[in-house]
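Here is what each chain is made of, one letter per residue.
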Amino acid sequence: MTTKELRELFITEALPHAMLDDPTAFYDAFSEGEAEVTAFLTAVWETLCVSHGDTLAAHPFFPDVAFWLVDETEENFTCMMDVYLPASGACAAYYQALVFGAAMDPRYFGGTPKGNAVTVTEWTMTGDTLTATACGSLDADISEDERRERFMEQVYAVCDAYSAEN
């Protein structure tokens, strides 16, 4: 399996399942720190590689992880985790975000290259079934740094619109 195919599976299956099915392992890593979150993500990637008959050594994994604190009060906190897989060789960049907090279930978003643009999708889980809902598209005619920032802004806008409805 190619790295591009593995990246696609990572963003559309492996990571959404790991984050939404039972987020306990992620929360445990988060409470320990950024290095542990990166180790958690790497373990998900390695499990994906092994399940397709490959190894981590054959498909190195170097995500760039950042956290955006959205809300912090005595009663609540909400955080957005930005997981960026930079372009590598023939593989385009991939974007992921997890929005989570004390008073909410985690929400997972992925940004996948579609032609010259990036499609923003929210993945939800009902039982064992993942469902994709398109949340917009990002223009390809901007710098990679700006596209990453706009991805996170799009995720924030979707979550903010949802919270305003409730």
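Quick caveat, the model's predicted, so the values are computed rather than measured.

Remarks on the overall build of the chain
Argument step 1. Helix and strand counts for the chain stand at 4 helices and 6 strands.
Argument step 2. Listed N to C, the secondary structure of the chain is α-α-α-β-β-β-β-β-β-α in terms of helices and strands.
Argument step 3. For the chain, the C-alpha radius of gyration of 15 Å lies close to 15 Å, the compact-globule estimate for 166 residues.
Argument step 4. Counting only C-alpha atoms and orienting by the principal axes, one finds that the chain spans roughly 45 × 35 × 30 Å.
Argument step 5. Each of the 166 residues in the chain was classed as buried or not, and the buried ones make up 42%.

Concerning the sheet that holds strand β2 (residues 77–85)
Argument step 1. The strand order across the open sheet built from 6 strands is β1-β2-β3-β4-β5-β6, with neighbouring strands paired in antiparallel fashion. A strand with exactly one partner marks an edge of an open sheet, and here the two such strands are β1 (64–72) and β6 (129–138). Looking at each pair of strands side by side, their axes are set apart by 20 degrees on average, direction ignored.
Argument step 2. The sheet contact formed by β2 and strand β3 (residues 94–101) spans 8 bridges and is antiparallel. Bridge pairing in β3 links Thr 78 to Gly 101.
Argument step 3. In the packing of helix α2 (residues 24–32) onto the sheet, contacts are made with β1, β2, β3 and β4 (104–114), and the angle to β3 comes to roughly 85 degrees.

Side note on the layout of surface pockets
Argument step 1. Its boundaries defined by the atoms lining it, the second largest pocket holds a volume of some 170 Å³.
Argument step 2. Forming the boundary of the second largest pocket are Thr 3, Arg 7, Trp 45, His 59, Pro 60, Phe 61, Phe 62, Leu 85, Pro 86, Ser 88 and Cys 91.
Argument step 3. Classifying every residue of the lining of the second largest pocket by side-chain character gives 7 nonpolar, 3 polar and 1 charged.

What about the pairing of β2?
Argument step 1. Of all 9 residues in β2, 8 are buried, a share of seventy percent or more.
Argument step 2. Across 8 bridges, β1 lies against β2 in antiparallel orientation. Bridging across to β2, Asp 64 finds its partner in Tyr 84.
Argument step 3. The antiparallel pairing of β1 with β2 creates a hairpin that spans 4 residues between the two strands.

Considering the pattern of salt bridges
Argument step 1. Under the counting rule described, the total for this entry stands at 5 salt bridges.
Argument step 2. Taken together, the shared-partner salt bridges in this structure form one network comprising Asp 64, Asp 82 and Arg 148.

Some details on the nonpolar core
Argument step 1. Formed by 31 residues in total, the largest nonpolar core has its most connected members in Phe 10, Met 19, Phe 26, Phe 40, Leu 41, Met 81 and Tyr 108.
Argument step 2. Of all the secondary structure elements, the ones that give two or more residues to this core are α1 (3–20), α2, α3 (34–51), β2, β3 and β5 (117–126).
Argument step 3. Considering each element in turn, this core owes the most residues, 9 residues, to α1.
Argument step 4. Discounting chain neighbours no more than four positions away, the residues touching Phe 26 are Met 19, Val 37, Phe 40, Met 81, Leu 98 and Phe 100.
Argument step 5. The next biggest cluster of nonpolar side chains, apart from the first, holds 15 residues, and it includes Phe 151, Met 152, Val 155 and Cys 159.

So, the confidence of the model for the chain
Argument step 1. Looking at the chain, the pLDDT average stands at 88 and 96% of residues meet or exceed 70.
Argument step 2. Per-residue pLDDT, averaged within each element of the chain, yields its smallest value for helix α4 (residues 144–165) (80) and its largest for α3 (96).

Considerations on the environment of Thr 38
Argument step 1. Note that Thr 38 resides in helix α3.
Argument step 2. With relative accessibility at 27%, the residue Thr 38 sits in the partly exposed group.
Argument step 3. Expressed as a C-alpha distance, the spacing of Thr 38 and Pro 63, which sit 25 residues apart in the sequence, is 7.4 Å.
Argument step 4. The residues contacting Thr 38, other than those within four sequence positions of it, are Pro 63 and Val 65.

What counts and how
Residues numbered from 1 in each chain as written. Predicted model: local features only at pLDDT ≥ 70, side-chain atom pairs only at ≥ 80, totals over all residues. Heavy atoms only, no water. Helix = DSSP H or I, 4+ residues; strand = E, 2+ residues; numbered from the N terminus. Rg over C-alpha atoms; globule rule 2.2 N^0.38 Å. Buried < 20%, exposed > 50% of the residue type's maximum accessible area, 1.4 Å probe, protein only. Pairing = 2+ DSSP bridges. Axes fitted to C-alpha atoms, helices over the stretch in contact; angles between N-to-C directions. Contact = heavy atoms within 4.5 Å. 1 Å grid on protein atoms, 1.4 Å probe; cavity = no way out; pocket = protein on both sides within 12 Å on 5 of 7 lines; lining within 4 Å. Points joined across faces, edges and corners; volume = space filled by probe spheres on them. Nonpolar A, V, L, I, M, F, W, Y, C, P; charged D, E, K, R; others polar. Salt bridge = Lys/Arg side-chain N within 4 Å of Asp/Glu carboxyl O. Core = buried A, V, L, I, M, F, W, Y, C linked by side-chain atoms within 4.5 Å. pLDDT = per-residue confidence, 0-100.

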